[in-house]
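Tertiary structure, described
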Amino acid sequence: FPLFLQVTCNCFTISNGEMQDVGVGLYPSMSLLNHSCDPNCVIVFEGYQLLLRSIREIRIGEELTISYIESLMPTSERQKQLMRQYCFECDCHLCQNQEKDTEKLAGEEHAWKDVRDAVNEVRYPKSKEDWEQVLSRCQNLLSSNMGRLPDTNIYQLKMLDCAMDACINLESWEEALYYGNRTLGPYGLYYPGFHPLRAVQLMRVGKLQYSQDMFPQALETLKQAYNIMKVTHGTDHSLMQALMELKEQCEAIMRIQ
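The following paragraphs examine the structure supplied in this document. Because the structure is a prediction, the values reported are computed rather than measured.

Another aspect to go through is the overall build of the protein chain. Helix and strand content of the protein chain: 11 helices and 6 strands. In terms of C-alpha radius of gyration, the protein chain reaches 19 Å, essentially the compact-globule figure of 18 Å for 257 residues. Residue burial in the protein chain is summarised as follows: out of 257 residues, 42% are buried. If you take every contact in the protein chain between residues at least 6 apart in sequence, the share linking residues at least 24 apart comes to 60%. For the protein chain, the computed accessible surface area is about 14100 Å², with 51% contributed by carbon and sulfur atoms.

In structure tokens:
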């Protein structure tokens, strides 16, 4: 039981290139890093290799910090999760100021609670029929909440992400791009500066624009992803290599045109 608790408290969630969870692993030296909801470092994976990347200038003697949890939560929810899993309260400036909590829960409360419950009920679909059911649920909720929930509401944002994933899996590229474009503003609000999740989202939208021959828009989006990913992933990362290849293809097509 003590070993189980140590694993629970110290393990890292291993993610793939698109920041989707694929497993957990123990990395003892990285377990020494402390938490901040506004960290100066991020962790990304290259296969099972863990990479620690600084995302802003770090002063001599400044502590290196990472975020133990997903930051796209109101302060109260972040504190509950940190206490439940790690047994401490965070006192970073974001928690002290409860920064952006108003935007995260904007809109009609009963509406976002319905969306929150729906998002929490979604399990990763395994068939086309499952994805069609997920997309139908998302479409109905997004339609019924039009004008009641802004896209900056975090549960609305998660619903848009869910709808985008469903459309991609169903190869409904135009609709996927519609939902993806709606996420970019909120992603910029909640992941300012350099954050791997924002880079990956920009890359996904850029790929959708490229697939629909929207080359000037795709190039601009891919450039934004590149500027973030060169910091969060580094130029040697396989995802960065794929991004640079797509960006170069887009530039070549535009030169021909």
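For the structure shown, the criterion picks out 10 salt bridges. Of the charged contacts in the structure, one is a salt bridge between Glu-62 and Arg-59, with a shortest N-O distance of 4.0 Å. According to the relative accessible area criterion, Glu-62 is partly exposed, its value standing at 24%.

Another point: the packing of helix α10 (residues 215-232) against helix α11 (residues 238-256). The interhelical angle for the contact between α10 and α11, taken along N-to-C directions, is 150°, at an axis separation of 10 Å. Here α11 runs roughly antiparallel to α10, going by the angle between their axes. The hand of the α10/α11 crossing is left-handed. Within the contact between the two elements, α10 uses Phe-215, Pro-216, Ala-218, Leu-219, Leu-222, Lys-223, Ala-225, Tyr-226, Met-229 and Lys-230 and α11 uses Leu-239, Met-240, Leu-243, Met-244, Leu-246, Lys-247, Cys-250, Glu-251, Ile-253 and Met-254. Class assignment of the residues belonging to the contact of α10 with α11 gives a composition of 16 nonpolar, no polar and 4 charged.

A few words on the packing of aromatic side chains. A complete count under the given rule lists 8 aromatic pairs for this structure. When the centroid spacing of 4.8 Å and the interplanar angle of 50° are considered together, the rings of Tyr-68 and Tyr-86 count as tilted. Here Tyr-86 lies in helix α2 (residues 75-86) and Tyr-68 lies in the loop between β6 (65-66) and α2, a separation of 18 residues in the sequence. Here Tyr-68 falls in the partly exposed class, since its relative accessible area comes to 25%. A centroid spacing of 6.4 Å and a plane angle of 45° characterise the contact between Tyr-86 and Phe-88, whose relative ring orientation is tilted. Judged by its relative accessible area of 26%, Phe-88 falls in the partly exposed class. Ring pairing ties together the aromatic residues Tyr-68, Tyr-86 and Phe-88, which thus form one cluster.

Quick look at the side chain of Thr-75 now. By secondary structure assignment, the location of Thr-75 is in helix α2. Since its relative accessible area comes to 6%, Thr-75 is described here as buried. The contacts of Thr-75, once residues within four sequence positions are left out, are Leu-94, Cys-95, Gln-98 and Asp-101.

Of note in the backbone geometry, Cys-87 takes a positive phi value of approximately 65° without being a glycine. Mapped onto the secondary structure, Cys-87 falls in the loop between α2 and α3 (93-97). One non-glycine residue, Glu-171, lies in the positive phi region at around 60°. Within the secondary structure, Glu-171 sits in the loop between α7 (154-169) and α8 (173-190).

When you tally the buried positions in strand β4 (residues 41-46), you get 5 out of 6 residues, the bulk of the element. Looking at chain direction, β4 and strand β5 (residues 49-54) are connected through 6 bridges and run antiparallel. Residue pairing across strands places Glu-46 opposite Gln-49, the latter belonging to β5. The hairpin turn running from β4 into β5, its antiparallel successor, is 2 residues long, and Gly-47 in that turn takes a positive phi close to 70°.

Let us look at the packing of α8 against helix α9 (residues 196-211). Closest axis-to-axis distance for the α8/α9 pair is 9 Å, and the angle between their directions is 150°. Taken as axis vectors, α8 and α9 run roughly antiparallel relative to one another. The crossing of α8 and α9 is left-handed. Here Trp-173, Ala-176, Leu-177, Gly-180, Asn-181, Thr-183, Leu-184, Tyr-187 and Gly-188 of α8 lie close against α9, whose contacting residues are Leu-197, Arg-198, Gln-201, Leu-202, Val-205, Leu-208, Gln-209 and Ser-211. For the contact of α8 with α9, the class distribution of residues is 9 nonpolar, 7 polar and 1 charged.

Rules used in this analysis
Residues numbered from 1 in each chain as written. Predicted model: local features only at pLDDT ≥ 70, side-chain atom pairs only at ≥ 80, totals over all residues. Heavy atoms only, no water. Helix = DSSP H or I, 4+ residues; strand = E, 2+ residues; numbered from the N terminus. Rg over C-alpha atoms; globule rule 2.2 N^0.38 Å. Buried < 20%, exposed > 50% of the residue type's maximum accessible area, 1.4 Å probe, protein only. Contact = heavy atoms within 4.5 Å. Areas by Shrake-Rupley, 256 points an atom, 1.4 Å probe, with all protein chains shown as cover. Salt bridge = Lys/Arg side-chain N within 4 Å of Asp/Glu carboxyl O. Axes fitted to C-alpha atoms, helices over the stretch in contact; angles between N-to-C directions. Parallel < 35°, antiparallel > 145°, perpendicular 65-115°, else oblique. Left-handed = near helix turned anticlockwise from the far one by under 90°. Nonpolar A, V, L, I, M, F, W, Y, C, P; charged D, E, K, R; others polar. Phe/Tyr/Trp six-rings, centres within 6.5 Å; stacked < 30°, edge-to-face > 60°. Pairing = 2+ DSSP bridges.

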